[in-house]
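# Descriptive analysis of the structure
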Amino acid sequence: MSTNTTDFLELAKGTLTRVIAFRLKPGTDLLLGLEAAVKEAGINNGVIVSGIGSLDGVRYCNPVEIEDAPAGYGYGEPLILTGPIELVGLSGIICHDSDGVTNLHVHVSLSDRYGVGHGGHLVEGTKVLLTTDVVVAELGGGIIMSRAFDPSLGVPCFAPKQGEE
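Presented here is an overview of the structure given in this document. Treat the numbers as computed from the prediction; the structure is a model and nothing was measured.

## So, the overall build of the protein chain
The number of helices and strands found in the protein chain is one helix and 14 strands. In terms of overall size, the protein chain behaves like a compact globule, its C-alpha atoms giving a radius of gyration of 17 Å where 165 residues would be expected to give roughly 15 Å. Judged by the C-alpha coordinates and their principal axes, the protein chain covers about 50 × 40 × 25 Å. Looking at the protein chain as a whole, 40% of its 165 residues are labelled buried. A separation threshold of at least 6 residues defines the contact pool for the protein chain, and within that pool the share at least 24 residues apart is 67%. Entry remark: accessible area of the protein chain is about 9,100 Å², with carbon and sulfur atoms responsible for 55%.

## Observations concerning the environment of Ile143
Relative to the elements of secondary structure, Ile143 occurs in strand S11 (residues 143-144). Sequence-wise, Ile143 and Ser111 are 32 residues apart; in three dimensions their C-alpha atoms are separated by 34 Å. Those residues within four positions of Ile143 in sequence are excluded, and the remaining contacts are Ala12, Lys13, Gly14, Asn45, Lys161 and Gln162.

## What to know about the nonpolar core
One finds Leu30, Leu34, Leu90, Leu110 and Val136 to be the most contacted residues of the largest nonpolar core, which totals 26 residues. Elements represented by at least two residues in this core include exactly strand S3 (15-24), helix H1 (30-40), strand S4 (46-61), strand S7 (79-96), strand S8 (102-111) and strand S10 (127-140). In this structure Leu34 touches Phe22, Leu24, Leu90, Leu104, Val106, Leu122 and Val134, once residues within four positions along its chain are discounted. Within the second largest apolar cluster, six residues are counted, among which are Ala12, Leu139, Ile143 and Met145.

## Quick notes on the pattern of salt bridges
Applying the stated criterion to the full structure yields one salt bridge. With its nearest N and O atoms 3.0 Å apart, the salt bridge here joins Glu138 to Arg18. Of this pair, Glu138 sits in strand S10 while Arg18 sits in strand S3; the two residues are 120 residues apart in sequence, bridging distant segments of the chain. On the basis of relative accessibility, which here comes to 32%, the residue Arg18 falls in the partly exposed class.

## Quick notes on the side chain of His105
Along the chain, the position of His105 falls in strand S8. In terms of polar contacts, His105 uses its side chain to reach the side chain of His107, at 3.1 Å. Of the polar contacts made by the side chain of His105, one reaches the side chain of Arg147; its length is 3.2 Å. Once residues within four sequence positions are removed from consideration, His105 is found in contact with Ser91, Gly92, Ile93, His121 and Arg147.

## Let's talk about H1
All of the buried residues along H1 are Leu30, Leu31, Gly33, Leu34, Ala37 and Val38. Along the axis of H1, the buried positions cluster into a sector of 165°, meaning they face one direction only. In this structure, the buried side of H1 is in contact with S3, S4, S7, S8, strand S9 (117-122) and S10. Of the residues trailing H1, Gly42 is marked for its positive phi of about 75°.

## A word on the pairing of S9
A regular strand carries its side chains on alternate faces of the sheet. Sheet topology note: the S4/S9 ladder contains two bridges and is antiparallel. The residue bridging Cys61 from the neighbouring strand is His121, located in S9. Between the end of S8 and the start of S9, which pair antiparallel, lie five residues, with Gly115 showing a positive phi angle near 85°.

## Regarding the layout of surface pockets
The volume enclosed by the largest pocket comes to roughly 220 Å³. Around the largest pocket, the lining comprises 13 residues; the ones closest to its centre are Leu104, His105, His121, Arg147 and Pro156. Listed by contribution, the elements that provide at least two residues to the lining of the largest pocket are H1, S8, S9 and strand S13 (155-158). Residue composition of the lining of the largest pocket, by class: seven nonpolar, four polar and two charged.

The rules we used
- Residue positions are counted from 1 within each chain, in the order its sequence is given.
- Restriction of local features to residues with pLDDT of at least 70 applies here, the model being predicted, together with a cutoff of 80 or more for giving and counting side-chain atom pairs; totals for whole chains, interfaces and linings are based on all residues.
- Hydrogens are left out, water is left out, and the side-chain values use all remaining heavy atoms of the structure.
- Strands are runs of DSSP state E lasting at least two residues, helices are runs of H or I lasting at least four, and both sets are numbered from the N terminus onward.
- Radius of gyration means the value over C-alpha atoms here, while the globule rule gives 2.2 Å times the residue count to the 0.38 power.
- Between buried and exposed lies partly exposed: a residue is buried under 20% and exposed over 50% of the maximum accessible area for its type, with that area taken using a 1.4 Å probe on protein chains only.
- Should any heavy atoms of two residues lie within 4.5 Å, those residues are counted as being in contact.
- Here, Shrake-Rupley sampling with a 1.4 Å probe gives the accessible areas, and only protein chains in the shown set may cover a residue.
- Among the buried residues, those of types Ala, Val, Leu, Ile, Met, Phe, Trp, Tyr and Cys that are joined through side-chain atoms within 4.5 Å form a nonpolar core.
- Salt bridges, as used here, are contacts in which a Lys or Arg side-chain nitrogen is within 4 Å of a carboxyl oxygen on Asp or Glu.
- Each polar contact in these results corresponds to two N or O atoms within 3.5 Å; when the atoms are within protein, one needs to be able to donate a hydrogen and the other to accept it, and residues that are neighboring in sequence are counted only if both atoms are side-chain atoms.
- Working note: the arc is built from the helix axis to C-beta atom directions.
- Should DSSP find at least two bridges between two strands, the strands are regarded as paired.
- The distinction between a cavity and a pocket rests on a 1 Å grid over the protein atoms alone: a 1.4 Å probe fits inside a cavity but cannot get out, while a pocket stays open yet meets protein on both sides within 12 Å along at least five of seven lines, and a residue with an atom within 4 Å of a point counts as lining.
- Grid points are joined across faces, edges and corners, and a volume is the space filled by probe spheres set on the points.
- Polar here means any residue other than Ala, Val, Leu, Ile, Met, Phe, Trp, Tyr, Cys and Pro, which are nonpolar, and Asp, Glu, Lys and Arg, which are charged; Gly is therefore polar.

So far we have only geometry, and geometry alone does not tell us how the molecule works.
Right, dumping it as structure tokens:
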């Protein structure tokens, strides 16, 4: 298998090799808890299959116009929701940088106490309220889930690569 690269696509192929499931307990920082779980399981090539639960406030970011950024966009200050929040869905990729350091890119889908939907890029500072239940799949079969800073865009980007099986 080889990496397919065109002007619009970076592609690598692999397989699902292992699945882990875990529960994060009340007061746990959601992002740091996810990182701790995948590190303990030794996963740095993976995908978040499912995540649901309740949160005690949320910190997340969405893209905004940034005049000085290379692409004109980037992530501004975190948006903050307070009070009990339902975690309707958790998705993301488990990557690593060129030094092998695990790097998660996680998005959340949320519902506030009035049923109003919110969502975006998860950042530190979001705490589990009652429970958060997560299923993660490890990827193998030659896929290398890397993430690196893209100077042309001014943000870290997913950079899948094809390794040996």
